[in-house]
Amino acid sequence: MKTDMPNREPIIAALNRILEHEMAGVVRYTHYSLMVFGFSRIPVVNWFRSAASETLAHAVAAGEMITLIGGYPSLGIGPLLETHHHDLREMLRESMDFEIQGVDLYKQLLRLAEDAGSITIEEYARQKIAEEAMHIGDIDKMLRRPGNITQAVKTEAP
Ligand SMILES: [Fe+2]
């Protein structure tokens, strides 16, 4: 890939924001997985651990895109948890907010990639938007009361 692509610097900056966001997610989901108590502990712990692994894979993918176009991957990390909510419903609500912020970051990247005419980065951003939307959908389903098929949180069309 040419390194003189238009919008290269803003694209690297957008990818670094994604990398930092995903790294914060790894810490967040790992922390949540340590703070689950009660009857549903075992499956919920596993769900948070798998979310942490998937989020790490997303961070790595963002880093690989950065080095692909000759950028330097950030060693920073996005904002960590400010709240100390350990009620499962609150942890899931915070997780959903976190995932929605992630989709916004990938959408910003998508717009920059479209302007730069980079099909590769565009495709990458679209794929991640779809993956995160499915993740948001999963969280939404966990937030519903049993038997309730309507969305717990009204989000944009997936
Ligand atoms: Fe992610």
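Refer to the preceding data block for the structure.
Figured I'd write up the structure that's included with this text. All values reported here derive from a predicted model rather than from experimental measurement.

### Comments concerning the packing of helix 2 (residues 41–68) against helix 4 (residues 119–143)
Each pair of packed helices can be described by the angle between their axes along with the distance between the axes. In contact at an axis separation of 12 Å, helix 2 and helix 4 are set at 165° when each is read in the N-to-C sense. Judged by the inter-axis angle, helix 2 sits roughly antiparallel to helix 4. The crossing of helix 2 and helix 4 is left-handed. Of helix 4, the residues touching helix 2 (which contributes Trp47, Ala51, Glu54, His58, Ala61, Ala62 and Met65) are Thr120, Ile121, Tyr124, Lys128, Glu131, Glu132, His135, Asp138, Ile139 and Met142. Looking at the contact of helix 2 with helix 4, its residues break down into 9 nonpolar, 3 polar and 5 charged.

### Things to note about the coordination of the iron ion
Looking at the iron ion, one finds its protein donor set to be Glu22 (OE), Glu22 (OE), His58 (ND1) and Glu132 (OE), positioned 1.9 to 2.6 Å from the metal centre. Coordination at the iron ion comes from 4 donor atoms whose angles at the metal span 53 to 128°, giving a geometry best classed as irregular. One chain supplies every donor for the iron ion, spaced along it as E-x35-H-x73-E. Of this pair, His58 sits in helix 2 while Glu132 sits in helix 4, and the two are 74 residues apart along the sequence. Take His58 and Glu132: they sit in the same class, and that class is buried.

### Description of unusual backbone geometry
In this model, Asn7 sits at a positive phi of 65°, which is unusual for a non-glycine residue. Here Asn7 shows up in the segment before helix 1 (8–34).

### Some points on the side chain of Arg8
By the secondary structure assignment, Arg8 is in helix 1. In terms of polar contacts, Arg8 uses its side chain to reach the side chain of Glu9, at 2.9 Å.

### A look at the nonpolar core
Ranked by internal contacts, the top residues of the largest apolar core, which has 41 residues, are Ile11, Leu15, Tyr29, Phe48, Leu109, Ile121 and Tyr124. Broken down by secondary-structure element, the contributors of at least two residues to this core are helix 1, helix 2, helix 3 (88–116) and helix 4. When residues of this core are assigned to their parent elements, the largest contribution, 12 residues, is made by helix 3. Dropping the residues within four chain positions of it, Leu15 is found in contact with Ala62, Met65, Ile66, Ile69, Leu109 and Tyr124.

### Quick look at the packing of helix 1 against helix 3
In the contact formed by helix 1 and helix 3, the axes pass within 10 Å of each other and the chain directions differ by 165°. By the angle between their axes, helix 1 is roughly antiparallel relative to helix 3. For the crossing formed where helix 1 meets helix 3, the hand is left-handed. Looking at the contact of helix 1 with helix 3 residue by residue, the classes come out as 15 nonpolar, 6 polar and 5 charged.

Rules and cut-offs
- Residues numbered from 1 in each chain as written.
- Predicted model: local features only at pLDDT ≥ 70, side-chain atom pairs only at ≥ 80, totals over all residues.
- Heavy atoms only, no water.
- Axes fitted to C-alpha atoms, helices over the stretch in contact; angles between N-to-C directions.
- Helix = DSSP H or I, 4+ residues; strand = E, 2+ residues; numbered from the N terminus.
- Parallel < 35°, antiparallel > 145°, perpendicular 65-115°, else oblique.
- Left-handed = near helix turned anticlockwise from the far one by under 90°.
- Contact = heavy atoms within 4.5 Å.
- Nonpolar A, V, L, I, M, F, W, Y, C, P; charged D, E, K, R; others polar.
- Donors = N, O, S within 2.8 Å, 3.2 Å for Na, K, Ca; no water.
- Tetrahedral: all angles 85-135°; square planar, octahedral: opposite > 155°, others 65-115°.
- Buried < 20%, exposed > 50% of the residue type's maximum accessible area, 1.4 Å probe, protein only.
- Polar contact = N/O pair within 3.5 Å; in protein donor to acceptor, adjacent residues only side chain to side chain.
- Core = buried A, V, L, I, M, F, W, Y, C linked by side-chain atoms within 4.5 Å.

Without other data, these values stay purely geometric and don't point to any function.
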